[in-house]
Amino acid sequence: MNFLQMALEQAFGSVGVSRPNPAVGAVVVKDGIVVGRGATQSPGSAHAEVMALRDAGELARGAAIYVTLEPCCHYGRTPPCTKAIIEAGISEVYFAHADPNPAVRGKSRGILEAAGVKVYEGKDACLRAHAESGWSDSCSAEGCMVLTPDELENEGSVVFAEIERFFEAYDYFVRNERVFVEVKVAVSENGFMGMQDSNGRPAPLRITGQGAACWNHELRAMSDAILVGAGTLLADDPSLDVRYAHGNSPVKVLWAGHHEFTKSEISTLKFFSQADGETSIPRLVFTCVEQPVIKCETVPLSGDTFEENWTQMIAELSRRGMHRLMVEPGVHLAGKIFGDSGNRGKKDTPLWNRLDLWKSTDVSVERAIAQQGYDGLTFPGLPDSAVAKESAMLGPDVLTVYYPG
């Protein structure tokens, strides 16, 4: 067990709650035992460190605190977390990610060390955050779960990478005052990302397996909002919630574009109705045309082109303090985001920040399309400037991550 991994789990519960502040998690550990847990609350309320210290009470004195993000050291809506840490008698601080906010970055460590607190940061903190109770340098017993030094380093490196990924959107938001757009696309081995019947009506198609689905739901839990287009809504009628991961469901966003929804569609699609337990999850509809009366917020778009309207939407979500927008597009919307053929790669400013492209190696996807007599809808392709940065395989599915070049 890694204490910063435990802190990251706390942080997931803060996504969508702390906005526009970052979602941060913390745990207080004394003698190898977690005695306090906390996550950042709504703006003006306590940060993760303060919540964890309150949970620990007097046990915080002489203990260590593990925090996903560098503790704040300035007065804002709340007093500095460095002050709370010092006053609680914490002896060691471990934080994984440096805060990009210039009011904080690099300053907290000096304040804490001046007060006699030991500080570890970044990858070093993650490597040191392993729960040491019960392990030694070697063990020959059958079934022994002791981690070797190499295994410990690998575990810490994985935790560090996970936390860096978690704060990728927050870093971008602080530096650009703009929401980070992360697009998730799944394609079959032959490049199909959907299908339609002989009349051109879209139909649902499951492409990736359960492992990719769990990964996808963790991304949803990391995101402030999740967006689909009208085509995807009509074809799949998705719930857009978090079911296979720990965390909160994101704000639901619909790119209606020029589709005017009928009263029948509004009465039957899940997006326009709220299931039990979802009454607090906002729903936003961005539309270029007037819509019938619907029980969710409608935001009109006034641009002459897709790019102008998309930029208007991004500006509005950024104004609301959202850090990460997850987009699950259909074929049509993907083509617009990445640039229609003939215009691909020519946009001065990309409309996306990261693409998670899943490709299935399961031939049964193609077989299902053929057996039903449907036509496959082909992924429109990437801009020429897109750069692949990492890849991984999960079951029959291969993930490749792209960034704009």
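Overview of the structure. Note that the coordinates shown come from a computational prediction; the quantities given were computed from them, not determined experimentally.

### Structural notes on the pattern of salt bridges
Pairs can form between side chains of opposite charge whenever their charged atoms are close.
Okay, step 1: In the structure shown here, the tally under the stated rule is 16 salt bridges.
Okay, step 2: One salt bridge connects Asp124 with Arg128, and the closest N-O pair in it is separated by 3.1 Å. A residue pair is termed a helical-turn pair when its members lie 3 or 4 positions apart in one helix, as Asp124 and Arg128 do in helix α5 (residues 122-128) at 4 residues.
Okay, step 3: In this structure Asp124 comes out as partly exposed when scored by relative accessible area, which is 35%.
Okay, step 4: You can call Arg128 partly exposed: its relative accessible area is 43%.
Okay, step 5: Residues joined by salt bridges that share partners form a network here, namely Arg165, Glu168, Glu182, Arg324, Arg354 and Asp356.

### Some thoughts on the sheet that holds strand β9 (residues 225-229)
Okay, step 1: The strand order across the open sheet built from 9 strands is β12-β11-β10-β9-β13-β6-β14-β17-β16, with neighbouring strands paired in mixed fashion. Here the strands that pair on one side only, and so sit at the sheet edges, are β12 (297-300) and β16 (387-394). Each adjacent strand pair in this sheet contributes to an overall mean axis angle of 20°, direction not counted.
Okay, step 2: Direction of pairing for strand β6 (residues 180-187) relative to strand β14 (residues 354-360): parallel, over a ladder of 6 bridges. Note that in β14 the partner of Lys184 across the bridge is Asp356.

### Some remarks on empty space enclosed by the protein
Okay, step 1: Enumeration over the complete set of coordinates arrives at 1 cavity of 30 Å³ or more.
Okay, step 2: Size it by volume and the largest cavity reaches roughly 150 Å³.
Okay, step 3: Val15, Ala23, Met222, Asp224 and His323 are the residues nearest the centre of the largest cavity, which is lined by 16 residues in total.

### Notes on the sheet that holds strand β1 (residues 25-30)
Okay, step 1: The sheet built from 5 strands is open, its strands ordered β2-β1-β3-β4-β5 with mixed pairing. Unpaired on one side and paired on the other, β2 (33-39) and β5 (118-121) mark the two borders of the sheet. With strand direction ignored, the average angle separating the axes of adjacent strands in the sheet is 15°.
Okay, step 2: Here β1 pairs with strand β3 (residues 64-69) via 4 bridges, running antiparallel. Bridging across to β3, Val28 finds its partner in Ile65.
Okay, step 3: Packed on one face of the sheet, helix α1 (residues 3-12) meets β1, β2, β3 and β4 (92-97) and runs near 140° to β1.

### Notes on unusual backbone geometry
Okay, step 1: Between Arg19 and the following residue, Pro20, the backbone shows a cis peptide bond with an omega angle of 10°.
Okay, step 2: Of note, Pro20 is situated in the loop between α1 and β1.
Okay, step 3: The residue Asp31 is not glycine, and still its phi comes out positive at about 55°.
Okay, step 4: Structurally, the position occupied by Asp31 is in the loop between β1 and β2.
Okay, step 5: Positive phi, close to 55°, is recorded for Glu177, a residue that is not glycine.
Okay, step 6: Among the secondary structure elements, Glu177 is positioned in the loop between α7 (168-176) and β6.
Okay, step 7: Owing to a relative accessible area of 66%, Glu177 belongs among the exposed residues under this scheme.

Criteria and cut-off values
- Residues numbered from 1 in each chain as written.
- Predicted model: local features only at pLDDT ≥ 70, side-chain atom pairs only at ≥ 80, totals over all residues.
- Heavy atoms only, no water.
- Salt bridge = Lys/Arg side-chain N within 4 Å of Asp/Glu carboxyl O.
- Helix = DSSP H or I, 4+ residues; strand = E, 2+ residues; numbered from the N terminus.
- Buried < 20%, exposed > 50% of the residue type's maximum accessible area, 1.4 Å probe, protein only.
- Pairing = 2+ DSSP bridges.
- Axes fitted to C-alpha atoms, helices over the stretch in contact; angles between N-to-C directions.
- 1 Å grid on protein atoms, 1.4 Å probe; cavity = no way out; pocket = protein on both sides within 12 Å on 5 of 7 lines; lining within 4 Å.
- Points joined across faces, edges and corners; volume = space filled by probe spheres on them.
- Contact = heavy atoms within 4.5 Å.

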